[in-house]
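Fold and geometry: a report
Single-letter residue listing:
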Amino acid sequence: MSNSGNGKSSANKALTGAVMVVGGGIAGMQASLDLANQGFQVYLVEAQSAIGGKMAQLDKTFPTNDCAMCTISPKLVETGRHPNIQVLTNSEVLDVSGQAGNFSVRVSRKPRYVDPSKCVACGDCAAVCPVIIPDHFNEGLSTRGAIFKLYPQAVPNAYAIEKRGIAPCRDACPAGQRAQGYIALIRKGRWADALRVIKMDNPFPGICGRICNHRCESACNRGQVDEPINIRALKRFVTDKVYAEPRQPPEPAVVKFKQRVAIIGAGPCGLTAAKDLALAGYAVTVFEAMPVAGGMLRLGVPEYRLPTAIIEREVQDIIDLGIDLRLNHRIDDLGRLFDEGFDSVLIAVGAHEGIRLPIPGANLEGVLVNTHFLRDVRLGKYTNGQLEDEALGKRVLVLGGGNVAIDCARSAVRLGREVQLACLETRAEMPAHPWEVEAAEAEGVILHPGRTFERILGDAAGQVQGVACMRAASFSFDERGRLHVEKTPDSEHVIDCDTVIFSVGQRAGLAFIPEDANVGLTEKQTIAINPNTLATSRPGVFAAGDCISGTAFVIEAVDRGHSAAQSILRYLQGEAMEPPAKPELPVVHLSAQEIEERIENGEIKRQPRVPMPELPVERRIDNFMEVEGGYDDESAQEEAARCLACGVCSECMSCVFACGRDAINHDEAGKIESIPVGAVILAPGYQIYNAHLSQEFGLGRFPNVVTSLEYERMLSASGPTGGHVQRISDQGRPRRIAFLQCVGSRDQSHDYCSSVCCMYAAKEAIMTIEHARAETRDGKGDGDVSCEVFFMDTRAFSKGYEEYYRRAESKYGVKYTRCRLSDIKENPQNNNLIVRYASPYQGQAGLVEAEFDLVVLSVGMEISESVKNLGSRLGVELDDYGFCHTTLFDPLQTSRPGIFAAGPFREPKDIPETVMEASGAAAGAAKLLAPARYTLAIEQEYPPERRVEEEPRIGVFVCHCGSNIGGYLDVPGVAEYAAALPGVVHAEDNLYTCSQDTIAHIIEQVKSLDLNRVVVASCTPMTHEPLFQDALRQAGLNPYLFEMANIRNQCSWVHSSDWDKATEKARVLVRMAASRAARLQPLHTSVVAVEPAALVLGGGAAGMTAALNLAGQGFQVHLVERESRLGGNLNLVRYFIPSVQINASEKIDGQGADVSPQAYLARLVAQVEAEPRILVHLNTELLETQGFKGNFSSTLRQKASTEGGQSHSYKVKHGVVLVATGGVEYKGQEYGYGQDPRIVTQLEFEALLADPQTTPDSMRSVVMIQCVGPAEKFCSRLCCTTALKNALKLKEMAPQTDVTILYRDIRTYGFKERLYTAARSAGVRFVHFEFERKPEVALERHAGSTPELSVRVWEPILGGELKLKPDLLVLSTPVVPPQGTRELASRLKLPVDMDGFFLEAHVKLRPVDFSAEGVFMAGMAHYPKFLDESIAQAQAAASRAANILSQKTMQTNARVAVVDPQKCVGCLTCVRICPYDVPRVSQEFIGAGSVLGAAYIEPAVCHGCGSCAAECPAQAIQLCHYTDVQTLTKVDAMFNLLEIAGERSAQ
Amino acid sequence: MSKTFEPEIVAFCCRYCAYAAADLAGSMRLEYPASIKVVELPCSGKLDVLYVLRAFEDGADGVMVAG
């Protein structure tokens, strides 16, 4: 039978041996590693670009002050490179279909835009990214670019690009100009890069910088703040700036194809297409009828708006690509182009034919059309002021109200004419840009708006005299585009003039398209095209630009040119003609609210446009000089700095140019994948409370109020301030720091405690003082810093926490003030913060006012909106705050079978509980999917290993890492140097040694050159050693014949300013590596079979839960219980915490309301007894355990079943040990316990409550005293909640009863806070005391009567002593380790802490492991805890155990210590020094001098730290791979003593 | 020849902490003298007093042990 207990429903269908873990924080990583190590395929889904979660942001962890990053870093690396964990970053789970065992999860995989398999994290890209945005990882205390690595140690160790969407400026631009990109580059003063960005989308930046209608500016989000960015002026500025430098002609494009393209028309559309086609590798010929190129730009736009020099330059930049431009070459016959051998033709002839209205006199002498007039002006036909010009009279009248009409009028002004302009539209409706109309008026043009043109009057000679007009009352166009005008009656009048210029439209001249050309025309005499492809009806002929659309702006011509080129490319390459649909990013429209927030945060400062100089009117009307000046450098950069960087990434492509690995793809599209998995684990974590919502504390308003997470980042050595605490207002060092507790916890909108804030505040205060002390030691400060914590109750409820908190107070002088502050004020003079408070607990009367330099808000935990949405999408039950609802008995199982939850997503909690739950959730998934183990997990296969016995033949590969090493030291020189080193037979340099092709090359070199050692000089072995070792295995070499020289992280990156010294050091490092490589030996591991059984010590809730889980996974379990029945402490529990106040109702098997502890226990025992794989050993104790992880053998002794009978001992074999021996309630003599039956413990009180014989009369007044006996030293975690539970039970039974609880801190962490609230509203009284002034219990004996029980306690708020006379005194005594714990610990060689509880391997990250491998713990043996916590930890222990039991065999570590018995004198030094208790002196070996007994180190359990080898006085121990010779040769090689090294090592 | 004395320093570093910290210094581009060279150990407990003596014997001006 291989199926598990849960497998019944899915017995017929194969289970999917994969699990999806959602959330890449510490919980997600732990769950993933457990499952992957147990033979499941894991998909780890993370929303950010790297895993690590919140813990990666923390500085230190309490209570050990370990560096948070140092402790998670190994887990990060292990997760990142585990072959059975696929890390899906930038991803989000959309939904889950199917059922437990066989789910299908849809995952949205958002683009990262950087290929992590190519990225080497060199940072070249980030160095050139011009975008500046707040770095959220540093909580906005620093900035970063749009391309970024989440944090320096991020896994995957790769960059990512943040794109919010398309900036509205780019979206509004027909050609998609990356305005945000070049603006950002202008801000940085990178003019040439900025122009490169512009030119990627637009070959005419100088032109557009002058005459574009800049729709980008209308769309600009900045307009909502004050004024849009002056984008056009910036474009012009940067063009002018670059064009002022000597011109560098572009490299001609390489012609790659035989096909040729003809383009008719050298205007902006035709030339844009010509450029694109030339760059794509086609030969392009452009035919232009006019003597100059540039089209309408050159011939239609007046010089004063667009200087000829700019046009010529930008046209030349295109022509120089190798385009064949034929001027004065009018095409008469389209068909002939094909005969001449062109394969495709683009018609881009523009709209150069001006239109004359068909009114009388339209053909008189002196009537001109706009296009011809402007062209003649541009070609120099007219001379300024020379009125004898026949064609242009003194008085000019322009007919028309568009921009071209204004151009005509303003040009005529510059020719010294009197100019009038008449148009049909009213002044306000004129189609010309208002600023153009204003400029024309300012230059003296007289406007006649609202006129019809009736006829043109001429004199006898046929010369124009004037135009007869009428006033237009209104006009409209009908459906067919025909004009209807309502004229004002009797309004005819004449406007006198000598010349009339029609400017009422223009069209293309299409005479060159003969009827038989197969190119269809439209009704309006334009070319008929497919609007998507721009293809005409004749294959190979395309048309674009003004000749299709009528006059449009140059930027549209550019856009059409690009599109035409794309179509022609597809045509020539035989692809489908329709353009492929491109996934579009959303356009970023900033909401008014967001803008307001960003202004409030100080991210945006109101600042109008930087003004631009303009030529005064009097200097511009008699010449064609440019009217607009331009920005100077400073004003351009100032204007550019106003950009809001809407899209985040501006797609400026700087990173693409900088990346040497071709790793960046801005066109990467997101995708949705469906992934089959058997189970899902949700570990999405929490977000910190947004303290901006608590306005009274001033976050955002007062610069020197920060959140605790900001403070963590400041404390972090790798954070934005390099570990220095600073005031935000002036970067000064704060000397008085206040910590405010419960911000976003235990308040009106949060009825829970966030569980961690008290401890992290203590830690942050300690670290602050530590930093100040260190600075004093270094002579950098005076150590003057003080920390004050304002709190209600200090919740130091876990292992070592109480002691830590006390240490903060006593050793570091942190001041604890018990009060809740209501608000903070700022001293405007110095930005200091002022608080006022009363604190009777400290014996202070009245209000106190204090001023602080910095205030830290200890923000609580919340569930983010996105996680709430995820929960509802997945159909798991959440509470009102979004926390995942689970039950007391199955705390990690969500409401949807097969979906598990772990970490703060269930309830606010600290790291150890989170890690326990992660492993526990993994156990839940593993139990469900046990039959599918190893069905999807993969195993790598390698060729057989070749024997290495010959002399060293070392190959050295020196990496440039792009420019990361090569840019700072002489890489080829180092390789050349390496080639001459002893033993080296080959050395070479590679651009990127870790790239796939180079790895393949190394494998090839090893084989072909017969290399037997490999040295790679590149980055760090921490990340890359496994990769290269794998290459060696693929080449048939033992992986231990590899050595790395770290010439990047520890050389080029840290000595970047000194080429020679960096080069010299790199040589030394390579020399050291080569010398060690020569002495490396192949190492082999041995394989040990695993006994698939567990020994579980302790038959309480934890032991039974762990046993059931392991049995459910298919493993044999020996469950050993000292007592005669199962159940442990649970036998004594009468009531659960009233669940209604904590959670929704608890259920067993989905039925029934609240369940009693005894019912639950009975059920659990029944399950254990029914499970065939669990063998229960009652009345049994462990005598002895031998062996190691995977292979233990234990001797058990069963007590005699009958009085006087024989006990008997026997052996069991097992692969793991689980210690779940529980705890017991302390019973001492404190507070008169034992002297009177009315003084009881909480458990005894609970029994009284449950006893039907008990009458409420016997307890009308009850006093409880917290923190009794040993609990003065450590917090027993349960007692506060238990006291409240029992107080509420009593209040429920007898509401009139007086209950008074004497407490130090009420430690109802998490949702248990609700119980505290309920107790207060039920009328339970609370009196605070300190240990210095403990309550006093007295039994006053009066003759003949019962002694009077009294409790006296100091009441701090009243400021006096209370004397209570209770009927019953209940002592909240702590849970302590049961008798025999220390004995058991010594039998198993396990450590215990000062309070007698078993000591875990690491208090944060290995909370169920012992440092001895293969041994785990759960429940109260570890520390006092609640039932649900014990269950979670028991499941976690089962998961950790399954990591071993699920392996058929285990490979021993190869890097282990080995004893040479012939040198061993059996002195026991190694036995004493080993932190893992591995070495033992055994009589099986003969030691030095043939004396019996020598040390033996079991390789299966050796951790390879080498401490024994270092300490062995006889040097009888060597650590494999780190032998003394191997290490010393490196030291010798450092000093270039290689030859001597050989001799000396032989000593 | 440079007049300023730059001591040759051998740094014995635990692979899991100090060596990783030296890598991090690189990621953060913190400059320090090139005359410091790191020898990686599996644990600072592996440091044999002999290593320190050998370093001085070979010509080191200073030895740093970090872990």
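Scroll up to find the structure this text is about.
Since we're looking at a predicted model, the values are computed, not measured. (Residues numbered from 1 in each chain as written. Chains lettered and ligands numbered in written order. Predicted model: local features only at pLDDT ≥ 70, side-chain atom pairs only at ≥ 80, totals over all residues. Heavy atoms only, no water.)

Moving on, we get to the overall build of chain A. Scanning chain A from N- to C-terminus turns up 44 helices and 68 strands. Within the span of chain A, comprising 1547 residues, buried residues form 59% of the whole. For chain A, long-range pairs separated by at least 24 residues make up 71% of all intrachain contacts whose partners lie at least 6 apart in sequence. In the form shown here, chain A has an accessible surface area of approximately 61,600 Å², with 50% of it arising from carbon and sulfur atoms. Here chain A holds 157 positive side-chain charges and 185 negative ones, and the gap between their average locations is 4 Å. (Helix = DSSP H or I, 4+ residues; strand = E, 2+ residues; numbered from the N terminus. Buried < 20%, exposed > 50% of the residue type's maximum accessible area, 1.4 Å probe, protein only. Contact = heavy atoms within 4.5 Å. Areas by Shrake-Rupley, 256 points an atom, 1.4 Å probe, with all protein chains shown as cover. Lys, Arg positive; Asp, Glu negative; His and termini not counted. Charge placed at Lys NZ, Arg CZ, Asp CG, Glu CD.)

What follows covers the packing of aromatic side chains. All names here are of chain A. If you walk through the whole model with that rule in mind, you get 32 aromatic pairs over all chains. Judged by centre distance (5.9 Å) and plane angle (90 degrees), the ring pair of Phe 790 and Phe 852 falls under edge-to-face. Of this pair, Phe 790 sits in strand E33 (residues 786–791) while Phe 852 sits in strand E37 (residues 848–852), and the two are 62 residues apart along the sequence. Using a relative accessible area of 2% as the deciding quantity, one classes Phe 790 as buried. Using a relative accessible area of 5% as the deciding quantity, one classes Phe 852 as buried. Where Phe 797 meets Tyr 1309, the ring centres are 3.9 Å apart and the plane angle is 5 degrees; that geometry is what we call stacked. Taken together, the residues span a long stretch of sequence, with Phe 797 in the loop between E33 and helix H25 (801–810) and Tyr 1309 in the loop between strand E56 (1298–1303) and helix H38 (1313–1321) at a distance of 512 residues. Taking the relative accessible area as the measure of exposure, Tyr 1309 reaches 4% and is therefore buried. What links up through ring pairs into an aromatic cluster is the set Phe 62, Phe 797, Tyr 801, Tyr 1309 and Phe 1426. Over the aromatic face of Tyr 1316 sits the side chain of Arg 1320, whose NZ or CZ is 4.2 Å from the ring centroid. (Phe/Tyr/Trp six-rings, centres within 6.5 Å; stacked < 30°, edge-to-face > 60°. Lys NZ or Arg CZ within 6 Å of the ring centre and 35° of its normal.)

What follows concerns the pairing of strand E7 (residues 102–109) of chain A. Residues and elements named next belong to chain A. Both strand E6 (residues 91–99) and E7 contribute to a ladder of 8 bridges, which runs antiparallel. Along E7, the bridge assignment pairs Asp 95 with Arg 106. The pairing of E7 with strand E28 (residues 671–677) spans 7 bridges and is antiparallel. Opposite Ser 104, over in E28, you have Pro 676 as the bridge partner. (Pairing = 2+ DSSP bridges.)

Attention now goes to the sheet that holds strand E38 (residues 854–859) of chain A. The strands making up a sheet associate through backbone hydrogen bonding, with each pair oriented either parallel or antiparallel. All names here are of chain A. Pairing is parallel in the open sheet, where 5 strands are placed in the order E31-E38-E32-E33-E34. With partners counted over all chains shown, the strands left at the sheet margins are strand E31 (705–707) and strand E34 (815–818), one partner each. On average, each strand axis in the sheet is tilted by 25 degrees relative to the strand beside it, whichever way the strands run. The pairing of E31 with E38 spans 3 bridges and is parallel. Looking at the pairing, Val 706 lines up with Val 856 of E38. (Axes fitted to C-alpha atoms, helices over the stretch in contact; angles between N-to-C directions.)

Residue and element names in this part refer to chain B. Taken together, Val 49, Leu 50 and Leu 53 make up a surface patch of nonpolar side chains, about 270 Å² in accessible area. When you line up the elements, Leu 53 lands in helix H2 (residues 49–58). In this structure Leu 53 comes out as exposed when scored by relative accessible area, which is 51%. (Patch = residues over 30% accessible without salt bridge, like charges linked within 9 Å, V, L, I, M, F, W, Y side chains within 5 Å. Salt bridge = Lys/Arg side-chain N within 4 Å of Asp/Glu carboxyl O.)

Moving on, we get to the packing of helix H33 (residues 1101–1112) of chain A against helix H40 (residues 1427–1445) of chain A. Residue and element names in this part refer to chain A. Between H33 and H40, the least distance of the axes is 8 Å, while the angle of their chain directions is 40 degrees. Classified by the angle between their axes, H33 and H40 sit oblique to one another. Like other packed secondary-structure pairs, H33 and H40 cross with a definite hand, here right-handed. Residue-level inspection shows Ala 1101, Ala 1102, Thr 1105, Ala 1106, Asn 1109 and Leu 1110 of H33 in contact with H40, the latter providing Leu 1427, Ser 1430, Ile 1431, Ala 1434, Gln 1435, Ala 1438, Ala 1441, Ala 1442 and Leu 1445. Residue composition of the contact of H33 with H40, by class: 11 nonpolar, 4 polar and no charged. (Parallel < 35°, antiparallel > 145°, perpendicular 65-115°, else oblique. Left-handed = near helix turned anticlockwise from the far one by under 90°. Nonpolar A, V, L, I, M, F, W, Y, C, P; charged D, E, K, R; others polar.)

Residue and element names in this part refer to chain B. The buried fraction of strand E2 (residues 36–41) is high, at 6 of 6 residues. Because side chains alternate across E2, one face comprises the buried residues Ile 36, Val 38 and Glu 40, and the other comprises Lys 37, Val 39 and Leu 41, equally buried. Where strand E1 (residues 9–14) lies against E2, 6 bridges are found, and the strand directions are parallel. By the bridge assignment, Cys 14 is partnered in E2 with Leu 41. Taken together, E1, helix H1 (residues 18–27) and E2 constitute a β-α-β crossover, and its handedness is right-handed. (Right-handed = clockwise from strand over helix to strand, strands pointing away.)

Residue and element names in this part refer to chain A. With respect to topology, 5 strands assemble into an open sheet ordered E14-E13-E12-E15-E27, the strand pairing being parallel. Sheet topology places strand E14 (324–326) and strand E27 (541–543) at the edges, where each strand pairs with a single neighbour. Taken over all neighbouring pairs, the strand axes of this sheet differ in orientation by 20 degrees on average, direction set aside. The sheet contact formed by strand E15 (residues 344–347) and E27 spans 3 bridges and is parallel. Looking at E27, one finds that Val 345 is bridged to Val 541.

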